[in-house]
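Residue-level structure breakdown
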Amino acid sequence: MVDHLCPVEIVEGCRLPVLRKNQEHEDEWPLAEILSVKEVSSRKLYYVHYIDFNKRLDEWVTGDRLDMKKLQFPKKEAKTPTKNGLPGSRPSSPEREVRKSLDLNVQSATAPSRGKTLPTPKRKVEAVPMATQVPPAPPVPSLPSSTEASQASVFPAVREPSTFKSREDHEPISLLTTNGNARRLIPSQPGRKRKANCGGADEDSQDSSDGIPSAPRMTGSLVSDRSHDDIVTRMKNIECIELGRHRLKPWYFSPYPQELTTLPILYLCEFCLKYLKSLKCLQRHLTKCNLRHPPGNEIYRKGTISFFEIDGRKNKTYSQNLCLLAKCFLDHKTLYYDTDPFLFYVMTEYDSKGFHIVGYFSKEKESTEDYNVACILTLPPYQRRGYGKLLIEFSYELSKVEGKTGTPEKPLSDLGLLSYRSYWSQTILEILMDLKPDNGERPQITINEISEITSVKKEDVISTLQYLNLINYYKGQYILTLSEDIVDGHERAMQKRHLRIDPKCLHFTPKDWSKRGKW
């Protein structure tokens, strides 16, 4: 398995098993693709992407971790015209070659020949890895936990709302039962018409049937159709980032200046997020930097937690630096340097040295599709401590003040999807379990009322109820059943959730951006 003992030359696009440690620190040999090869101190290193694993696990490995016995070489491609005369980004792998030939056969059989060469649908197969995920699992009647990492398991919950809505138009009343006690659930009245391009299934499903969104919405801050993907952007380019007292290992590519990508450590000022090439430069910068908190207005403070609202037009440099840092840990998004149409809400933790960034979310100043979050991130040192749900809760508190319902921009990352599912579940179950009988009558609530109370968009409410497997159709009516497992799981989860937003500490006045011209 050692590279210098093997005369076979490994090239980009090859696939073979590679040794790695799993979560239980046991050895495993998943199939991986070679994305790049380099030589350091007369020793070859290989940058590998583990097939069907998240890209944040990609890494440089030595030759002794490669299983040469099962090496698969990429098949040679026929020379075809390339767009703008530029060559393809990398050799094709065996699986991609087979799929590409199938796609070409279909096109040649159906499309009329007009003397033009059809573009090779090479990128379509690899555009979004989620198209090759395992089939969706059935909904589980329990609260989502951090161990439920399957992105596919939530898909059935977003394909069925249309059926639910069409049937509820004909059903005047339905029942809600909680541990055997019947409660009445009145189907929601028709609300606002949904936009044509953000219907239930299309909006929540990660991508269209062919793996690429049919019409990507280019107004989003970090919307990606993956057409920009190439060998450069598929590889991590920053080795390490020093941010205040933390050193961070980036997960993904981020377009920092090329000359900084060769440094062993990239230094950031933790207050203005300016990037510098050395510790000496950072120390010199800190003597001149007057910031001890993010620029913008502090709109929330409770204890050591504060939120700052930052206008992407007024504080463009900070906003761009924030996007560069965030791109290191977000893969499903494309970075745009035009930050003018966006607001950034930065969460900080205060100590004697200043306000240290914990995470942030951005949102469009004007969203035609009810998005209240464009991009959301908790920095790795603060993950798994409740800050993610706090960011999500804060975004919905802003929506409540604005008098709107909101939903996050799609697609969500795997970790973001888990956080939102968990937040929606806890929030909706909190509402249902707090229902009290009224004059001996069973309490009543509608889907619309749940949406108005929580500011969670109606489609997300329905998909969450289905995800938790609470909705059943019985004798012509919809029944919501809260089992003891659901109730116990919810109570345990709420006991662990110590960080909550206090609406009394929020000082926020929404602006009508539609009347502000260019913001």
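The name that an unreviewed UniProt entry assigns to the chain is Histone acetyltransferase KAT5, with the source organism given as Gasterosteus aculeatus aculeatus. For the chain, the Sequence similarities (unreviewed entry) comment in UniProt is given as "Belongs to the MYST (SAS/MOZ) family." UniProt annotates the chain under Subcellular location (unreviewed entry) with the comment "Nucleus".

Details of the nonpolar core
Ranked by internal contacts, the top residues of the largest apolar core, which has 80 residues, are Phe307, Leu325, Phe394 and Leu465. For this core, the leading source of residues is helix α9 (residues 414-433), giving eight residues. Ignoring sequence-local partners within four residues, the contact set of Leu465 consists of Ile428, Leu432, Ile447, Leu470, Ile471 and Leu480. Ile10, Leu16, Tyr46 and Tyr50 belong to the second-largest nonpolar core, a separate cluster that totals 13 residues.

Things to note about the pattern of salt bridges
The full count for this structure, using the stated rule, is 20 salt bridges. With a shortest N-O distance of 2.6 Å, Glu28 and Arg20 are connected by a salt bridge. Judged by its relative accessible area of 22%, Glu28 falls in the partly exposed class. Across the pair Asp370 and Lys457 runs a salt bridge whose closest N-O atoms are separated by 3.8 Å. Taken as a pair, Asp370 in the loop between β16 (354-364) and β17 (371-373) and Lys457 in the loop between α10 (447-454) and α11 (458-467) lie far apart in primary sequence, 87 residues in all. Judged by its relative accessible area of 7%, Lys457 falls in the buried class. Three or more residues are tied together by salt bridges with common partners; here these are Glu393, Glu430, Arg497 and Arg500.

A look at the packing of α9 against helix α12 (residues 484-496)
At a minimum axis distance of 11 Å, the contact between α9 and α12 shows a crossing angle of 115°. In the packing of α9 onto α12, the handedness of the crossing is left-handed. Every residue of α12 that contacts α9 at Gln426, Leu429, Glu430 and Met433 is listed here: Ile486, Val487, His490, Glu491, Ala493 and Met494. A class-by-class count of the residues in the contact of α9 with α12 yields six nonpolar, two polar and two charged.

Quick notes on the rules
Residues numbered from 1 in each chain as written. Predicted model: local features only at pLDDT ≥ 70, side-chain atom pairs only at ≥ 80, totals over all residues. Heavy atoms only, no water. UniProt positions renumbered as here; feature names shortened; annotations may be inferred. Core = buried A, V, L, I, M, F, W, Y, C linked by side-chain atoms within 4.5 Å. Buried < 20%, exposed > 50% of the residue type's maximum accessible area, 1.4 Å probe, protein only. Helix = DSSP H or I, 4+ residues; strand = E, 2+ residues; numbered from the N terminus. Contact = heavy atoms within 4.5 Å. Salt bridge = Lys/Arg side-chain N within 4 Å of Asp/Glu carboxyl O. Axes fitted to C-alpha atoms, helices over the stretch in contact; angles between N-to-C directions. Left-handed = near helix turned anticlockwise from the far one by under 90°. Nonpolar A, V, L, I, M, F, W, Y, C, P; charged D, E, K, R; others polar.

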